[in-house]
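Fold and contact review
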Amino acid sequence: MTVITSPSADWKELAGVAVSESEVTIGSAVTHGALADAIKGMPALAALSGAAAKSANPAIRQMATIGGNLCTRAFAAADLAPALLCLEADVELALGAEIVRMPLAQFLAERDTFAGILLGIVVPQQQRHSAHARLPLKQAGDYPVAIVSASISLDPDGRIAEAVIAVGSVEQTARRWPGLEAQLAGRRLNASEIAAMSVKHIDEFSGRDGVEAPGWYRVKVLPELVRRAFADLDLLADTCGG
């Protein structure tokens, strides 16, 4: 956690999205629909755009805010949390007289301990591609039973230089998938092969049981969501020229 004297944005305007060459700042009161519109067509942020555009249903997307999505611990199926994790986002909080910045992963793990106000989210602009895959079921209504969000950077030979993968809705809190991430450096961007590799790492997660799906099922579908996410990444890389 870092104390900052100059916030990344004017947080007097909590419902704004500001895009610069180095980062995207998103006020905590920005709705899912507004966020999807503001970053549409940005390949590096495709995971976040897709998460915001597909979450819940149209009525909720026009009302639900990114701050509410991240602060509600009781809601495990938040689409924006894994999308932001794969983009290595930070959050900025007002804690007493200080404004502090911390990685989103830390905030999600410790959010019950903070007595402050979430001002917004800061997403670094990086040369990468990202994608978001979710599995909704009829009995889950408008919400996914499992989510995989991924971002990658490629080396000059088209191999994966770095991969950041996050999983949501499987456990109570979204988190990254370090075992699978570590296996992908230097690999070709082949969705089927990466999905097969992910099978060896699904035991990193303990699925939560719910009325809409049992925990074992949430974990079991992760390789298929990995395949979908990396198939989208492959398509994005081809479209954008690597």
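A short tour of the structure in this document, coming up.

Criteria and cut-off values
- Residues numbered from 1 in each chain as written.
- Predicted model: local features only at pLDDT ≥ 70, side-chain atom pairs only at ≥ 80, totals over all residues.
- Heavy atoms only, no water.
- Core = buried A, V, L, I, M, F, W, Y, C linked by side-chain atoms within 4.5 Å.
- Buried < 20%, exposed > 50% of the residue type's maximum accessible area, 1.4 Å probe, protein only.
- Helix = DSSP H or I, 4+ residues; strand = E, 2+ residues; numbered from the N terminus.
- Contact = heavy atoms within 4.5 Å.
- Pairing = 2+ DSSP bridges.
- Phe/Tyr/Trp six-rings, centres within 6.5 Å; stacked < 30°, edge-to-face > 60°.
- 1 Å grid on protein atoms, 1.4 Å probe; cavity = no way out; pocket = protein on both sides within 12 Å on 5 of 7 lines; lining within 4 Å.
- Points joined across faces, edges and corners; volume = space filled by probe spheres on them.
- Nonpolar A, V, L, I, M, F, W, Y, C, P; charged D, E, K, R; others polar.

All right, on to the nonpolar core then. Core analysis: the biggest nonpolar cluster contains 35 residues, and Leu35, Leu48, Ile66, Leu70, Leu84, Phe107 and Val123 have the highest contact counts within it. Counting residues per element, this core draws most heavily on helix 5 (residues 80-86), which supplies six residues. The residues contacting Ile66, other than those within four sequence positions of it, are Ile26, Gly27, Ser28, Val30, His32, Leu35, Leu80, Leu84 and Ile121. In terms of nonpolar packing, the next biggest core, distinct from the first, is built from 32 residues, Ala133, Ile165, Leu184 and Val219 among them.

Looking now at the pairing of strand 9 (residues 160-168). Most of strand 9 sits out of view: seven of its nine residues are buried. Direction of pairing for strand 8 (residues 144-154) relative to strand 9: antiparallel, over a ladder of eight bridges. For Ser153, the partnering residue across the bridge sits in strand 9 and is Glu162. Taking the residues between adjacent antiparallel strands as the criterion, strand 8 and strand 9 are bridged by five residues, where Gly158 takes a positive phi near 85°. The pairing of strand 9 with strand 10 (residues 175-176) spans two bridges and is antiparallel. The partner of Val167 across the bridge, within strand 10, is Arg175. What sits between the antiparallel neighbours strand 9 and strand 10 is a turn of six residues, in which Ser169 has the positive phi angle 70°.

Per the stated rule, a full pass over the model turns up four aromatic pairs. Here the aromatic rings of Phe75 and Tyr143 are separated by 5.1 Å at their centres, their planes lie at 80°, and the arrangement is edge-to-face. With Phe75 in the loop between helix 4 (66-71) and helix 5 and Tyr143 in the loop between strand 7 (129-136) and strand 8, this pair connects stretches of sequence that are 68 residues apart. Taking relative accessible area as the criterion, Phe75 reaches 26% and is therefore assigned partly exposed. Ring plane angle 90° and centroid distance 5.2 Å describe the contact between Trp177 and Phe205, whose orientation is recorded as edge-to-face.

Turning our eyes to something else, we now look at empty space enclosed by the protein. For the coordinates displayed, the defined rule picks out one cavity of 30 Å³ or more. Asn69, Thr72, Phe75, Ala76, Ala78, Ala81, Leu108, Arg111, Gln172, Thr173 and Ala174 are the residues that line the largest cavity. Here the residues of the lining of the largest cavity sort into six nonpolar, four polar and one charged.

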